[in-house]
Each structure stands twice: as structure tokens, then as C-alpha cells.
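Breakdown of the fold
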Amino acid sequence: MSIDDAIAELYRRHLRLNAYLQEVVDGSRFSPARVAYLLRLHSRSIYRMVRLLRVRRARTPTPDDVLQAAINQALDELSEDLGVEL
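The shown structure was predicted, so the numbers you read here are calculated from the model rather than taken from an experiment. (Residues numbered from 1 in each chain as written. Predicted model: local features only at pLDDT ≥ 70, side-chain atom pairs only at ≥ 80, totals over all residues. Heavy atoms only, no water.)

Considering the overall build of the protein
- Scanning the protein from terminus to terminus reveals three helices and zero strands.
- Going from the N terminus to the C terminus, the protein shows its helices and strands as α-α-α.
- Taken against the 2.2 N^0.38 rule, which gives 12 Å for 86 residues, the C-alpha radius of gyration of the protein at 15 Å runs more than 25% over that of a compact globule.
- Within the protein, buried positions represent 21% of all 86 residues.
- The long-range fraction of contacts in the protein, counting pairs at least 24 apart against all pairs at least 6 apart in sequence, stands at 55%.
- Side-chain charges in the protein split into 13 positive and 12 negative, and the spacing between the mean points of these groups amounts to 11 Å. (Helix = DSSP H or I, 4+ residues; strand = E, 2+ residues; numbered from the N terminus. Rg over C-alpha atoms; globule rule 2.2 N^0.38 Å. Buried < 20%, exposed > 50% of the residue type's maximum accessible area, 1.4 Å probe, protein only. Contact = heavy atoms within 4.5 Å. Lys, Arg positive; Asp, Glu negative; His and termini not counted. Charge placed at Lys NZ, Arg CZ, Asp CG, Glu CD.)

In C-alpha cells form, the structure reads like this:
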């Protein structure tokens, strides 16, 4: 499995988890502890995806500065949203 395949698979799983989490929050089907657990899974998913994106970026530097700036901005925004250094 290539790193791009791993990123794509993790992203698909993250989208499914995101949709499930939205259903849980909207429907109040679970206890606050269960919702907190799902939110932790959600943040771990983002963290792993960011790590894979950084590994890919390190392995294949992009000559296009605009793309590089967009990736850096996305990583910075995720870092702010999660409240952790990425």
C-alpha cells in the first residue's frame, strides 16, 4: 500500500466517523462519555492523517510553492482547531 493509498483510506474512514459522530450528536443517542470517546477518535484520525501528509510531503517535495503554502496553511489550521502542535 502506498502512502497515498493510506491517506485516501484514512480519509474515507474519517469521513464515515465524522458522519456517524454528527448523527450521534444530533440524535443524542449516547452518553456524554461516549460522545467524548468518539471525539477523541475523531481527533486521532485527523492527527494520523496530518502525520501521513507530512511524511508524504517530506518524501516528495513539491516544486509548486502555491501548493506547498496551501498544505502548510491547512496543517496550521488543523493544529489550531485541535489545540495541539502538529
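So that's the structure; there's more coming.
Observations concerning the side chain of His42
- Secondary-structure assignment places His42 in helix 2 (residues 32-59).
- For His42, the residues in contact, after removing those within four places along its chain, are His14, Leu17, Asn18 and Leu21.

Overview of the nonpolar core
- If you look at the biggest cluster of nonpolar residues, it comprises five residues: Leu17, Leu21, Val24, Val35 and Leu38.
- Sorting the residues of this core by element identifies helix 1 (3-27) and helix 2 as the ones contributing at least two each.
- Residue contributions to this core peak at three residues, all from helix 1.
- Contact partners of Leu17, with chain neighbours within four places excluded, come to Leu38, Leu41 and His42. (Core = buried A, V, L, I, M, F, W, Y, C linked by side-chain atoms within 4.5 Å.)

So, the pattern of salt bridges
- Within the structure shown, the criterion is met by three salt bridges.
- The salt bridge partner of Arg12 is Glu9, with a shortest N-O separation of 3.0 Å. Here Arg12 and its partner Glu9 are both found in helix 1, three residues apart, which amounts to about one turn of the helix.
- Since its relative accessible area comes to 44%, Arg12 is described here as partly exposed.
- As a salt-bridge pair, Arg13 and Glu9 come within 3.0 Å of each other at their nearest N and O atoms. (Salt bridge = Lys/Arg side-chain N within 4 Å of Asp/Glu carboxyl O.)

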